[in-house]
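The primary structure of each chain is shown beneath.
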Amino acid sequence: MNGSVAGGGYAEEIISLTRRPSGLGFNIVGGTDQQYIANDNSIYVSWIKKDGAAYLDGRLQEGDKILAINGKDLKDLRHKDAVELFRNAGYYVSLKIQRRLQPQNGPVGHGGDGESGALPLAAILVPGLALAATAVWILLRYRQRM
């Protein structure tokens, strides 16, 4: 992400979108009258429409907090006022967003793309347990015949 790391495990990013005939391609929740998170009046992305402007751009994510649109701070707005700002934002729209950083588990330098290259634990344990159970069964059957 091309943003600056803010305190507390958050990153901010500026995302520029070009409005499509169907709009910007995402829904928002939140506001002073419809808090998405208790005691938080912020505006959040709740849904991204497949093949919409935000989806095709690929940077905006569900759960992102939208801090500003075209430089206009979204702090302490009612939901319907925030919706109006988005509707009247124009063809080229600049969003300032904030996203919680995900902790990285694994070796330093791992990209966090879900492709670690290692086998899942179950892929090792299941066949191993099956072999052990088969060996015990064979041993018991062999002992019964003696």
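Predicted model, so just to flag it, every value in this text is computed and none were measured.

Reading guide: rules and limits
Residues numbered from 1 in each chain as written. Predicted model: local features only at pLDDT ≥ 70, side-chain atom pairs only at ≥ 80, totals over all residues. Heavy atoms only, no water. Helix = DSSP H or I, 4+ residues; strand = E, 2+ residues; numbered from the N terminus. Buried < 20%, exposed > 50% of the residue type's maximum accessible area, 1.4 Å probe, protein only. Lys, Arg positive; Asp, Glu negative; His and termini not counted. Salt bridge = Lys/Arg side-chain N within 4 Å of Asp/Glu carboxyl O. Polar contact = N/O pair within 3.5 Å; in protein donor to acceptor, adjacent residues only side chain to side chain. Contact = heavy atoms within 4.5 Å. Arc of directions from axis to C-beta. Core = buried A, V, L, I, M, F, W, Y, C linked by side-chain atoms within 4.5 Å. Phe/Tyr/Trp six-rings, centres within 6.5 Å; stacked < 30°, edge-to-face > 60°.

Colleague: Help me out: how do you make sense of the side chain of Arg19 in this one?
Modeller: Here Arg19 lies in the loop between strand S2 (10-18) and strand S3 (26-30). An unpaired buried charge is present at Arg19: no salt bridge exists, and Glu84, the closest side chain of opposite charge, is 10 Å distant. Of the polar contacts made by the side chain of Arg19, one reaches the backbone oxygen of Phe86; its length is 2.7 Å. Sequence-distant contacts of Arg19, that is, excluding residues within four places in its chain, are made with Leu24, Phe86, Arg87, Ala89, Gly90, Tyr91 and Val93.

Colleague: Would you mind showing me how to read helix H2 (residues 79-87) here?
Modeller: Because an α-helix packs 3.6 residues into every turn, residues spaced three or four apart end up facing the same way. Turning to H2, its buried residues are His79, Ala82, Val83 and Phe86. With its buried residues spanning 100° around the axis, H2 presents them on a single face. Elements in contact with the buried residues of H2: S3, strand S4 (43-48), strand S5 (65-69) and strand S7 (92-100).

Colleague: Quick question: what am I supposed to make of the nonpolar core here?
Modeller: Nonpolar side chains tend toward joint burial in soluble globular proteins. Judged by nonpolar contacts, the single largest core of 21 residues is most densely connected at Phe26, Ile28, Leu60, Ile66, Phe86 and Leu95. Once residues within four sequence positions are removed from consideration, Ile66 is found in contact with Phe26, Ile28, Ile43, Val45, Leu74, Phe86, Leu95, Lys96 and Ile97.

Colleague: Just to check I follow, could you spell out the packing of aromatic side chains for this structure?
Modeller: Here a ring pair, both rings aromatic, is described through the centre-centre distance and the interplanar angle of the planes. Taken as a whole and judged by the stated rule, the model has three aromatic pairs. Both rings, one in Phe26 and one in Phe86, keep their centres 5.7 Å apart while their planes meet at 90°; by these two values the pair is edge-to-face. With Phe26 in strand S3 and Phe86 in helix H2, the pair connects residues that are 60 residues apart, well separated along the chain. Overall, the relative accessible area of 12% leaves Phe26 in the buried class. Of the residues examined, Phe86 reaches a relative accessible area of 7% and is grouped as buried. When the ring of Tyr91 is compared with that of Tyr92, the centres are 4.8 Å apart and the planes differ by 85°; the resulting orientation is edge-to-face.

Colleague: What am I meant to see in the pattern of salt bridges here?
Modeller: Two side chains with opposite charge may pair up if their charged atoms get near one another. This model, assessed by the stated rule, comprises six salt bridges. For Arg87, the salt bridge identified is with Glu84, shortest N-O distance 3.5 Å. You can see Arg87 and its partner Glu84 sitting in helix H2, three residues apart, about one turn around the helix. Salt bridges here are not isolated pairs; linked through shared partners, they connect Glu13, Asp64 and Arg99.

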